[in-house]
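Okay, here's what each chain looks like letter by letter:
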Amino acid sequence: MTVVVTQSSSTQAPASRRPLRRLFRDLALIVVVKIAVLMLIWYVAIRPVPRPDTTPNAIEHVLAPRADATPPPPSPEPSP
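Just so you know, these numbers come straight off a predicted model, no measurement behind them. (Residues numbered from 1 in each chain as written. Predicted model: local features only at pLDDT ≥ 70, side-chain atom pairs only at ≥ 80, totals over all residues. Heavy atoms only, no water.)

S.K.: Would you mind going over the overall build of the protein chain with me for this structure?
M.R.: What the protein chain contains, in helices and strands, is 2 helices and 0 strands. Here the protein chain, with 80 residues, has 1% of them falling under the buried criterion. (Helix = DSSP H or I, 4+ residues; strand = E, 2+ residues; numbered from the N terminus. Buried < 20%, exposed > 50% of the residue type's maximum accessible area, 1.4 Å probe, protein only.)

S.K.: Sorry, what's going on with a nonpolar patch on the surface here?
M.R.: Taken together, the side chains of Leu29, Val31, Val33, Ile35, Val37, Leu38, Met39, Ile41, Trp42, Tyr43 and Ile46 define a hydrophobic patch exposed on the protein surface, amounting to about 1,000 Å² of accessible area. Locating valine 33 in the fold gives a position in helix 1 (residues 8-46). (Patch = residues over 30% accessible without salt bridge, like charges linked within 9 Å, V, L, I, M, F, W, Y side chains within 5 Å. Areas by Shrake-Rupley, 256 points an atom, 1.4 Å probe, with all protein chains shown as cover. Salt bridge = Lys/Arg side-chain N within 4 Å of Asp/Glu carboxyl O.)

S.K.: I would appreciate a short explanation of the environment of aspartate 53 in the present structure.
M.R.: For aspartate 53, the location among the structural elements is in the loop between helix 1 and helix 2 (56-63). Those residues in contact with aspartate 53 that sit more than four places away from it in its chain are Ala58 and Ile59. In this structure the side chain of aspartate 53 is engaged in a polar contact, spanning 3.2 Å, whose partner is the side chain of threonine 55. (Contact = heavy atoms within 4.5 Å. Polar contact = N/O pair within 3.5 Å; in protein donor to acceptor, adjacent residues only side chain to side chain.)

Structure follows, in structure tokens:
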């Protein structure tokens, strides 16, 4: 009876890690590409949209009545 000693256990560890490294590399690449695409969409489509002016002076100007507007008619008094 002869015993054959092989080094399969030592060669299996690096061989089984290669697919994991490749998978990690592929997933990392996908994440980086998605972030790049989202940044591109942000700078092309969303960032150029003008934002409303929300300073107090701008709000006061929007809510103030026009100078040429006539005052509203007085409301009728309810009769008792």
